[in-house]
Amino acid sequence: QVQLVESGGGLVQAGGSLRLSCAASLRTFSSYAMGWFRQAPGKEREFVAGINWTGGTTYYSDSVKGRFTISRDNAKNTVYLQMNSLKPEDTAVYYCAARALRATMVATDYDYWGQGTQVTVSS
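These figures come from a predicted structure and were not determined experimentally.

Draft legend 1. Representation of the overall build of the protein within the structure. A tally of helices and strands in the protein yields 0 helices and 11 strands. In terms of C-alpha radius of gyration, the protein reaches 13 Å, essentially the compact-globule figure of 14 Å for 123 residues. With the principal axes as the frame, the protein shows a C-alpha extent of 40 × 25 × 25 Å. Burial status across the protein gives 43% buried among its 123 residues.

Draft legend 2. Fine view of the side chain of Ser61. Its location among the elements puts Ser61 in the loop between strand S6 (58-60) and strand S7 (68-73). A distance of 3.1 Å separates a polar atom in the side chain of Ser61 from a polar atom in the side chain of Ser63.

Draft legend 3. Seen up close, the nonpolar core. Within the largest apolar cluster, 29 residues are counted, with the highest numbers of intra-cluster contacts made by Met34, Trp36, Val79, Leu81, Met83 and Tyr94. Every element with two or more residues in this core is listed here: strand S3 (18-24), strand S4 (33-39), strand S5 (46-51), S7, strand S8 (78-83), strand S9 (92-99) and strand S11 (117-122). Among all residues touching Tyr94, those that are not within four sequence positions of it are Glu6, Leu20, Trp36, Phe37, Arg38, Val48, Phe68, Leu81, Met83, Gly116, Thr117 and Val119. With 6 residues, the next largest nonpolar core counts Phe37, Phe47, Ala103 and Tyr110 among its residues.

Draft legend 4. Region of interest: the state of the cysteines. On inspection of all chains with the given rule, the structure shows 1 disulfide. Disulfide pairing is shown between Cys22 and Cys96; the S-S distance is 2.1 Å. One quick way to see it: the torsion about the S-S bond of Cys22 and Cys96 is about -80 degrees, and its sign makes the bridge left-handed. With Cys22 in strand S3 and Cys96 in strand S9, this residue pair connects regions lying 74 residues apart in the sequence. No difference in accessibility class separates Cys22 from Cys96, as the two residues are buried.

Definitions and cut-offs
- Residues numbered from 1 in each chain as written.
- Predicted model: local features only at pLDDT ≥ 70, side-chain atom pairs only at ≥ 80, totals over all residues.
- Heavy atoms only, no water.
- Helix = DSSP H or I, 4+ residues; strand = E, 2+ residues; numbered from the N terminus.
- Rg over C-alpha atoms; globule rule 2.2 N^0.38 Å.
- Buried < 20%, exposed > 50% of the residue type's maximum accessible area, 1.4 Å probe, protein only.
- Polar contact = N/O pair within 3.5 Å; in protein donor to acceptor, adjacent residues only side chain to side chain.
- Core = buried A, V, L, I, M, F, W, Y, C linked by side-chain atoms within 4.5 Å.
- Contact = heavy atoms within 4.5 Å.
- Disulfide = S-S within 2.5 Å.

So this is what it looks like as structure tokens:
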């Protein structure tokens, strides 16, 4: 059974930082592209960041580029999202996702999803 478990969410002040982690039970973790998405109440799920098998290629939405960094540790079967300079508009549930192909920015392209971790950024 494939499981993705997010952690690291919480309450922070604007300008603060959080590091989200996603622990994956994927048998061959290094063969999967990984992504982070987020969803605020009443809004569509949106792409945040993605990373390919080796970590050599990363993708970011324009809204987080320069502030967030996605990385992976294949030895630990874990993907991270370092979030700096957080803004109130970053408040959302953040989801980790896995895809058995290259990373994309489209939610429906991903095969496996975690349950999400709440990030709340206060003004």
